[in-house]
Structure formats: C-alpha cells, structure tokens
Amino acid sequence: MTEARIHALTLPKWGLSMTEGTIVTLHKAEGDAVAAGDILADIESSKIANELEARDAGVLRRWLVAEGDTCEVGALIGVISDPAVGDDEVERFVRGFAPDAGGDALPAAEA
C-alpha cells in the first residue's frame, strides 16, 4: 500500500444560513500544481462572495463543477492529490465520497 493521499475540496459553509454556493471562477485547471494557500475558486452565496483556498498541496486532479454551477454546502467540488496517486484511486475516492452532517469531508471507505 502506498502513502499516497487524496484531499477533498468541498463547498465550505461561510455563514450560519449558507446552504449553497455558486462557482463564479475556477482559478486552477486540472493537472495544475497546487500549494497550500493558493486560491482555487471564487464562490458566491446569497449573502457573501469568498475565495476558496487550498488547504493541502498537490496536483488538482479533478473539478466536479464548472463556472456557474450551484452546489450544496459540503458537496464534493474537486480533488487534490499527491502526484503519485493513480487515476483509479481518484475515481474510487470520488465515487465513495460522502459529506458528514457538518458538511466536512469523509474519505471514501477502503476497498
């Protein structure tokens, strides 16, 4: 088993009444290197516009949203991984992803 890691990008909850957000701009493309603190996307809710920052470094493996899409808080919107992670591992992670009750990411169950 490898030490490869996969990181979920979920739609954050920036206010007590926020239930969804709209992706305004995607600043990184699939395949781009990402450093912690990089701005990944601009997201608007009914009351606030904010920037989604990367918490983890790696490669942006997949966007599951496009500009203009509206998603619920906690929805999986993208995936960052270590460069050594294979496409099949990313796909299993995406298929098995489920947000917890607070909207935070729960990793996919090990197969």
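Shown above is the structure to which this text applies.
The structure displayed is predicted, hence computed values, not measured ones.

A. Up close: the sheet that holds strand S4 (residues 39-44). Taking strand neighbours across the sheet as the criterion, the four strands line up as S5-S4-S2-S7 in an open arrangement whose pairing is antiparallel. Two strands bound the open sheet, and with one partner strand each, they are strand S5 (49-53) and strand S7 (70-72). For this sheet, the mean inter-axis angle between neighbouring strands, taken without regard to orientation, is 40°. Relative to S5, S4 runs antiparallel, the two sharing five bridges. Following the sheet pairing, Ile-43 is matched in S5 by Asn-50.

B. Local environment of the sheet that holds strand S6 (residues 58-63). Strand order in the open sheet formed by four strands is S1-S8-S6-S3, and the pairing between neighbours is antiparallel. Either end of the sheet is taken by a strand with one partner, and the two such strands are strand S1 (6-10) and strand S3 (33-34). With four bridges joining them, S6 and strand S8 (residues 76-81) adopt antiparallel strand pairing. When the sheet's bridge partners are listed, Trp-63 is paired in S8 with Gly-78.

Basis of the calculations
Residues numbered from 1 in each chain as written. Predicted model: local features only at pLDDT ≥ 70, side-chain atom pairs only at ≥ 80, totals over all residues. Heavy atoms only, no water. Pairing = 2+ DSSP bridges. Helix = DSSP H or I, 4+ residues; strand = E, 2+ residues; numbered from the N terminus. Axes fitted to C-alpha atoms, helices over the stretch in contact; angles between N-to-C directions.

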